[in-house]
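# Structural overview for review
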Amino acid sequence: MNELSERQVKILNVIIRTYMKTGEPVGSRTISKESDLHLSSATIRNEMSDLEEMGYIVQPHTSAGRIPSDKGYRFYVDQLMLEKEHEVSEMKEFVIEKTEKMEQVLKTIAKLLAANTNYATVVSAPQTHRGKVKFIQLSTVDQDQVLATIMLDGNIVKNKIIRVSEELDQETMLKLNILLNGSLNGLTLEEINLVTIARLKEQAGIHSEVVGSVLDAVAEAVQEDEELEIYTSGATNIFRYPELSDSESARDLISAFEEKQELRNLFSGGDGEPGTGIQVYIGNESPIQRMKDCSVVTATYELGEGIHGTVGIVGPKRMDYRMVVDNLKTLKVQLDEIFNKKEEKT
């Protein structure tokens, strides 16, 4: 690749892309129109002659334009793979940064709310509900295993190990990454139908088994009911209130904070579906029986379509509802802005 100048690379790319689209030999006038080089036709013809001498293009007929040679196609594919590899690296770095920042933000929120309200707080990490596939990256673990990193809407990341029957070289992995992302990006699980699957496997050729395993991993990533990530703070604040500080009530509340499955019921409104906006549960209205002596106020924040997280404040029934609701309303707006701004950068 180093033997070509930047200008020659641009001309060669125009020839290849145009020929792939039209199937017709490409002349200097077309290159002049399709590129931003602002060169004369004579200069372009000279560069084309040099490219022909180097074996990147050929002239099928006298006085006709040029078409790519096998060497030209190889240059184009190698260059494309390098670009995609760079995109993949940037995306992986963004995902890591995004995940770490999100965790830090949610932990900080739990602590600040507990300090500001003098109540206990619980914050759930965002979960996917009918999320769309945003990005897929296959990486080699060893000769028998491939890591599939699947990013869904809201930058929710799931990792799956896939066993393979053959060792896949770097070029094959990049081609599979390009194929999978080009075909699946923006689709929900319901939209990945039998026609899409059949076309993908056909395009993958001898690697159709790998593609099938990746599709299974995507389905599992979207559907799986993994442990809900929850951050808590201020549980000891409940001892500030005499009606909650007796040994039995306190023990029940502390146990409730430690049981992730029970907190899941709180965040899903008790029926497994994400709630919306701000909800107030007083006493026995709480989906968690062990919080029957408390009031619980929750607010749902969104990262995108189908991506929800919840912030909850737990205190005595005589809690300052106005202050709690105001805090949650402000926080909900701030969270939506924080994560939506991050989302726009992708």
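Let me begin by describing the structure that accompanies this report. On a predicted model such as this, the values are computed, not experimentally measured, just so you know. (Residues numbered from 1 in each chain as written. Predicted model: local features only at pLDDT ≥ 70, side-chain atom pairs only at ≥ 80, totals over all residues. Heavy atoms only, no water.)

### Some thoughts on the overall build of the chain
Helices and strands together make up the secondary structure of the chain, namely 11 helices and 11 strands. For the chain, buried positions account for 46% of its 346 residues. Nonlocal contacts in the chain, meaning residues at least 24 apart in sequence, comprise 62% of its contacts between residues at least 6 apart. (Helix = DSSP H or I, 4+ residues; strand = E, 2+ residues; numbered from the N terminus. Buried < 20%, exposed > 50% of the residue type's maximum accessible area, 1.4 Å probe, protein only. Contact = heavy atoms within 4.5 Å.)

### Some details on the pattern of salt bridges
Going through the model one piece at a time under the given rule, you end up with six salt bridges. The closest approach of N and O atoms between lysine 10 and glutamate 6, which form a salt bridge, is 4.0 Å. Separated by four residues within a single helix, lysine 10 and glutamate 6 lie in helix H1 (residues 6-22), roughly one turn from each other. Relative accessible area serves as the criterion here: at 61%, glutamate 6 is assigned to the exposed category. Residues glutamate 243 and arginine 318 are paired through a salt bridge, measuring 2.6 Å at the closest nitrogen-oxygen approach. You can see glutamate 243 sitting in helix H8 (residues 242-245) and its partner arginine 318 sitting in the loop between strand E11 (307-316) and helix H11 (321-344), a full 75 residues away along the chain. Connected via shared salt-bridge partners are Arg74, Glu171 and Lys175. (Salt bridge = Lys/Arg side-chain N within 4 Å of Asp/Glu carboxyl O.)

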